[in-house]
Amino acid sequence: MNPRRLARFALVCCLLLAAASAQAQNPLDLHASHISYDRVEVKWRAEHSDDTYSIEFGYAGQYPRPIASTTDTEYHFENLLPQTNYVIVVHSSYLGGNTIHVRTIAAPEAPRNGPTPVTCPNLPASVVVYGHELGTQCQMVGEMEVARPDFSALGILAAVDIWSYIPTSLEVCFKQSGYLAFLDAAYAPRLASALDHVQRNGMTCGHIDSAGTVVLLAAPTPDHSPAQPPANTLPVYDAIPTSHCQIKLIETLYLRNAPAGKIVGLVWLYSEVPVFEVSGDWYKIEFEGTIGYISRYYRRVLRGGCG
């Protein structure tokens, strides 16, 4: 075989190998067929007429969660957040799984002759936002968008995302009994905290002063239980030498001056801190020169007997 034919043969082989490799990595040809600021549509090809596909979805950087099963070869994700990265996984019962990452586009720009129209009055009748102004944006979100397994375990009854222009004090009321939590959009991932609330005329109401998601829960968060006994009645166990107990936070937590006491600071996500004492559901720690208490939830024990 002359050199020219040999080179041509080698090129064809390389192209075939590349195509086979791409096919092996994406056997379903999973792709986004449409992306907007609040909606993503994906499609894939079918190899078998009786195939069943499981759909997983979540924020980029987090483990996607199973959300649906279908025999179709397309799926639509709605009520998404603008300019947000998501991960989508489709599993075939015959061919295995494919994963793609998508990013929603920016929301439509406000009219040049005025501020963004307020959307909060367009919420369902079960939710009322008081104190909104032109530019305040509200949108109902589901459990998938909240993306908090700990909240799901407590029971998510409803959730509303509020962004853009936030007045000094905005009141969010759900026409249902429950407990409120807040996911602060100033942090990534969003910082979760219990939100003080009142029951008024059959509604559960709380105030916010920054963008984020207000979540109505069926059960109280561990940091906000109304049945929690006074601090001086919490059992205090033997002090634990710092060399014997070290924890790593899996969530940003409030640092308090006493168990269930006044907030004196924050202990950041992934911080590794020593534990001096266990007081019921609270750890006594030191962080950046300040001694205080944090919840025993949302942490991983690195060493020692303080689990």
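Here the residue index of a chain counts from 1 through its sequence in written order. At least 70 in pLDDT is required for a residue's local features to be given in this predicted model, at least 80 for side-chain atom pairs to be given and counted, and no such filter applies to totals for whole chains, interfaces and linings, which use all residues. Remark: hydrogens and water are excluded; side-chain values derive from all non-hydrogen atoms of the structure.

Peer 1: In this structure, what is going on with the overall build of the protein chain? I would like to understand it.
Peer 2: Strands are runs of DSSP state E lasting at least two residues, helices are runs of H or I lasting at least four, and both sets are numbered from the N terminus onward. Of the regular secondary structure elements, the protein chain holds three helices and 23 strands. Exposed residues in this analysis have more than 50% of their type's maximum accessible area, buried residues have under 20%, and partly exposed residues fall in between, with area computed by a 1.4 Å probe over protein chains only. When each of the 307 residues of the protein chain is scored for burial, the buried share is 36%. We call two residues contacting when some pair of their heavy atoms lies within 4.5 Å. In the protein chain, of all internal contacts separated by at least 6 residues, the share reaching a separation of at least 24 is 59%. Residue-level accessible areas treat just the shown protein chains as cover; the underlying method is Shrake-Rupley with a 1.4 Å probe. Within the structure as shown, the protein chain displays about 16,700 Å² of accessible surface, and the carbon and sulfur contribution to it stands at 53%.

Peer 1: Before we go on, may I ask you to explain the sheet that holds strand 1 (residues 31–35) in this structure?
Peer 2: Picture the strands of a sheet paired through backbone hydrogen bonds; they go either parallel or antiparallel. DSSP bridges decide pairing: two strands pair if at least two such bridges lie between them. Taken in spatial order, the three strands of this open sheet run 1-2-5, and their pairing is antiparallel. The open sheet is flanked by strand 1 and strand 5 (74–77), the only strands paired with a single partner. Each neighbouring strand pair of the sheet contributes to a mean axis angle of 20°, computed without reference to strand direction. Relative to strand 2 (residues 40–43), strand 1 runs antiparallel, the two sharing four bridges. In the sheet register, His31 faces strand 2, and the bridge partner there is Lys43. The convention used is that axes are lines fitted to C-alpha atoms, helices contributing only their stretch in contact, and that angles between N-to-C directions extend from 0 to 180 degrees.

Peer 1: Help me understand the pattern of salt bridges, please; the structure alone is not making it clear to me.
Peer 2: Pairing is possible between side chains that carry opposite charge, provided their charged atoms lie close to one another. Should a side-chain nitrogen of Lys or Arg be within 4 Å of a carboxyl oxygen of Asp or Glu, the pair is scored as a salt bridge. This model, assessed by the stated rule, comprises five salt bridges. The partner of Arg39 in a salt bridge is Glu41, and the shortest N-O contact between them spans 2.8 Å. Where Glu171 meets Arg200, a salt bridge forms, and the shortest distance between an N and an O atom there is 3.1 Å. In this pair, Glu171 sits in strand 11 (residues 170–174) while Arg200 sits in strand 14 (residues 198–200), placing the two residues 29 residues apart along the sequence.

Peer 1: In this structure, what is going on with the pairing of strand 7 (residues 96–103)? I would like to understand it.
Peer 2: It is a general feature of regular strands that their side chains alternate between the two faces of the sheet. Bridge count between strand 6 (residues 85–92) and strand 7: eight bridges; the pairing is antiparallel. From the neighbouring strand, His91 faces strand 7, where its bridge partner is Gly97. Linking strand 6 back to strand 7 in an antiparallel pair, the connection comprises three residues.

Peer 1: I'm lost on a nonpolar patch on the surface in this one. Help?
Peer 2: Patch members must show over 30% relative accessible area and no salt bridge, and they are joined within 9 Å when carrying like charges or within 5 Å when they are nonpolar side chains of Val, Leu, Ile, Met, Phe, Trp or Tyr. Together, Ile35, Tyr37 and Ile105 give the surface a local cluster of nonpolar side chains, amounting to about 230 Å² of exposed area. Within the element layout of this structure, Ile105 appears in the loop between strand 7 and strand 8 (127–130).

Peer 1: Please explain unusual backbone geometry as it appears in this structure.
Peer 2: For Ala147, which is not glycine, the phi torsion reads 55° and is therefore positive. Tracing the sequence through the fold places Ala147 in the loop between helix 2 (143–146) and helix 3 (149–154). Here Asn201, not a glycine, exhibits a phi torsion of approximately 50°, which is positive. By the element assignment, Asn201 lies in the loop between strand 14 and strand 15 (203–208). The class of Asn201 is exposed, set by a relative accessible area of 73%.

Peer 1: Even after reading the chapter, I still don't get the sheet that holds strand 8, so can you show me in this structure?
Peer 2: With antiparallel pairing, four strands are arranged side by side in an open sheet as 8-11-15-14. On the outer flanks of this sheet lie strand 8 and strand 14, each paired with one strand and no other. The mean inter-strand angle of the sheet, taken between neighbouring strand axes irrespective of direction, is 30°.

Peer 1: I tried to follow the state of the cysteines on my own but got confused; where do I start?
Peer 2: A pair of sulfur atoms, both from cysteines and within 2.5 Å, is called a disulfide here. All told, the structure shown has two disulfides when counted by the stated rule. The disulfide that involves Cys120 links it to Cys138, with 1.9 Å between the sulfurs. Judged by the sign of its S-S torsion, about 65°, the cystine formed by Cys120 and Cys138 is right-handed. Placement of Cys120 in the loop between strand 7 and strand 8 and of Cys138 in strand 9 (residues 136–140) is noted, with a sequence separation of 18 residues between them.

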